[in-house]
Amino acid sequence: QYQCKTTFDWSRFISLYERGIDRGIGYRDSMQDVLGVMHTVPEQAKNRIVELLKVQLSAGDAKSVFYPATKLASGGGRSDDHLWAVFSVCTYIKETGDFDFLDGQVPYYDCGEATVLQHLEQGIKFTMSKLGKHGIPLMLGGDWNDSISHIKRTGDVESVFVFFQLAHAVKELMELYKYLGADEKYSWAEGIYAYCKSKLDVVWDGEWFLRAFDGYGDKIGSKENEYAKLFLNTQSWAILSGLASGEQSVKAMNSVKKYMVSDFGIELLYPAAPGFDIEKKCFIAYSAGVRENGAIFCHSNPWAIIAECLLGRVENAFDYYFRLLPSRRNDKAEICKVEPYVYCQNILGRANSRHGEGANSWLTGTAAWMFIALSQYLFGIRPDYDGVYVEPHMAESWDNMYIERVVRGVRLKVKVRRTNASESNNDIKCLRMNGRQIGGTKIPYSMLDGVHEAYIEVIL
Ligand code: IFM
């Protein structure tokens, strides 16, 4: 939590690693950092979301950074920035119940203004207006992976990550519209989601999902390539978006498990390329095992943990969680070189002789997303629009656990135990609140009205 707040406050603006001159508050990064502080400083999270929406352009895409002192923005033209806003706004509303926020007017950076909800919708429309020849969103100036920008750029470069991000954002909006009873908008979003579903075969490589199509129209992140055959993020986001079929999901995450898992966490791609060579699709300008070229890019690990939770493969999820947990490297300081109490941005991968060495500690999206992965998926306390899900999971060796989480002013005190200590099954057999049996796994907020503390008992 301390790291979440520090990262939220400073973004990647100024730190031991950044000078605060050439890099302002990043749209993409900060829109994700708010996820780690929604429940502790919701007003500040909301204000940051508004500050960021103010640098969105009326076409729907966003400038990539703004400078806090002047509020002036720069950069932009990327394919992903604007899409991050959907999940952050929806998570804020689920956490707080502040639906009025959707109707607040926020100016665009260039001209005009629109409600918060219209900002989100404009982002989706922008992405849908920039599809490449395979029908997949264009990568434009870049996507989440900064280092992918050397990919052959002439012609249509299409981003499969942004494709899954689009589907994920649309799925979030569908849930919101459903809750609001906004039928027409729901049908609009459903149409886009169905479009994405229809493109699933185009981005499937047989054992995993592709990462992109380059400017030649060639596949990136494919078994056909010599290096960088497999990328982590398109496997996890295929599942987060709900698009992948059951069979594809299992195959994709099995491929991750087979090729990408190191003692220090999951690597970003496999295999790392030995050097920069565009013709061989080695377009990431770092040495093997460094940063986006096959390091453990920590930010991506919580997405894999969430994906494994969604697949019900809890042991894999806990395994990945513990591999990256900073305190677990307390006795490996000579190798890791970074503080054993916060996440760092990246850890050198197996292709590097200094495998295990970390860099850029503190300011990383790992903090916020790991908090989501741990609290909402592993521990399973997940606020929704009309109630809070209580779906706790325990690691194999645990036979009980206790969680406290304040949701909308109510302190949930959750005791979890197994019916049979020798069973590691995570199916919920019984859920009671203040002695009352709950049907399903969601406690409606109406049951929490006027309650200060709720005693919840879960039997697995
Ligand atoms: O997603 C980016 C982030 O915006 C800045 N640091 C590196 C990440 C991965 O390339």
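Owing to the predicted nature of the structure, the values given are computational and were not obtained by experimental measurement.

Asker: Looking at this structure, I do not really get the site of the ligand. What am I missing?
Answerer: Taken together, the residues surrounding the ligand are R23, R28, D29, W144, N145, D146, E292, F297 and Q345. D29 places a polar side-chain atom, nitrogen or oxygen, 2.8 Å from an oxygen atom of the ligand. Between an oxygen atom of the ligand and a main-chain N or O atom of W144, the distance comes to 2.6 Å. Across the complex, the protein chains shield 93% of the 280 Å² of accessible surface that the ligand would expose by itself. Considering only residue class, the shell around the ligand consists of two nonpolar, two polar and five charged.

Asker: Which parts of the structure should I look at to understand the packing of aromatic side chains?
Answerer: Geometrically, a pair of aromatic rings is defined through the distance of the ring centres and the angle of the planes. Applying the stated criterion across every chain yields a total of 27 aromatic pairs. When the ring of W204 is compared with that of F209, the centres are 4.7 Å apart and the planes differ by 65°; the resulting orientation is edge-to-face. Like F209, W204 is buried. Note on F318 and F322: the rings are 6.1 Å apart at their centroids and 25° apart in plane angle, and the pair reads as stacked. In this pair, F318 and F322 are both assigned in helix 11 (residues 314–324), four residues apart and thus about one turn of the helix distant. What makes F322 partly exposed here is its relative accessible area of 22%. Members of the aromatic cluster, connected to one another through ring pairs, are W84, F87, W144, F161, W237, F297, W303 and W369.

Asker: Could you clarify how one ought to interpret the environment of K337 in this entry?
Answerer: Residue position: K337 is located in the loop between helix 12 (333–336) and strand 14 (344–347). Judged by its relative accessible area of 57%, K337 is exposed. Between the alpha carbons of K337 and G358 there is a distance of 6.2 Å; along the sequence they are 21 residues apart. At 3.5 Å, the side chain of K337 and the side chain of E357 are in polar contact.

Asker: Hey, could you run me through the pattern of salt bridges in this one?
Answerer: Pairs can form between side chains of opposite charge once their charged atoms are near each other. Per the stated rule, a full pass over the model turns up 36 salt bridges. Where K223 meets D205, a salt bridge forms, and the shortest distance between an N and an O atom there is 3.9 Å. Residue K223 is found in the loop between strand 8 (219–220) and strand 9 (230–231), and its partner D205 is found in the loop between helix 7 (183–198) and strand 7 (212–213); the two are separated by 18 residues along the sequence. Owing to a relative accessible area of 48%, K223 belongs among the partly exposed residues under this scheme. One salt-bridge network, held together by shared partners, links R12, R23, D29 and D33.

Conventions and cut-offs
- Residues numbered from 1 in each chain as written.
- Predicted model: local features only at pLDDT ≥ 70, side-chain atom pairs only at ≥ 80, totals over all residues.
- Heavy atoms only, no water.
- Near = heavy atom within 4 Å.
- Polar contact = N/O pair within 3.5 Å; in protein donor to acceptor, adjacent residues only side chain to side chain.
- Areas by Shrake-Rupley, 256 points an atom, 1.4 Å probe, with all protein chains shown as cover.
- Nonpolar A, V, L, I, M, F, W, Y, C, P; charged D, E, K, R; others polar.
- Phe/Tyr/Trp six-rings, centres within 6.5 Å; stacked < 30°, edge-to-face > 60°.
- Buried < 20%, exposed > 50% of the residue type's maximum accessible area, 1.4 Å probe, protein only.
- Helix = DSSP H or I, 4+ residues; strand = E, 2+ residues; numbered from the N terminus.
- Salt bridge = Lys/Arg side-chain N within 4 Å of Asp/Glu carboxyl O.

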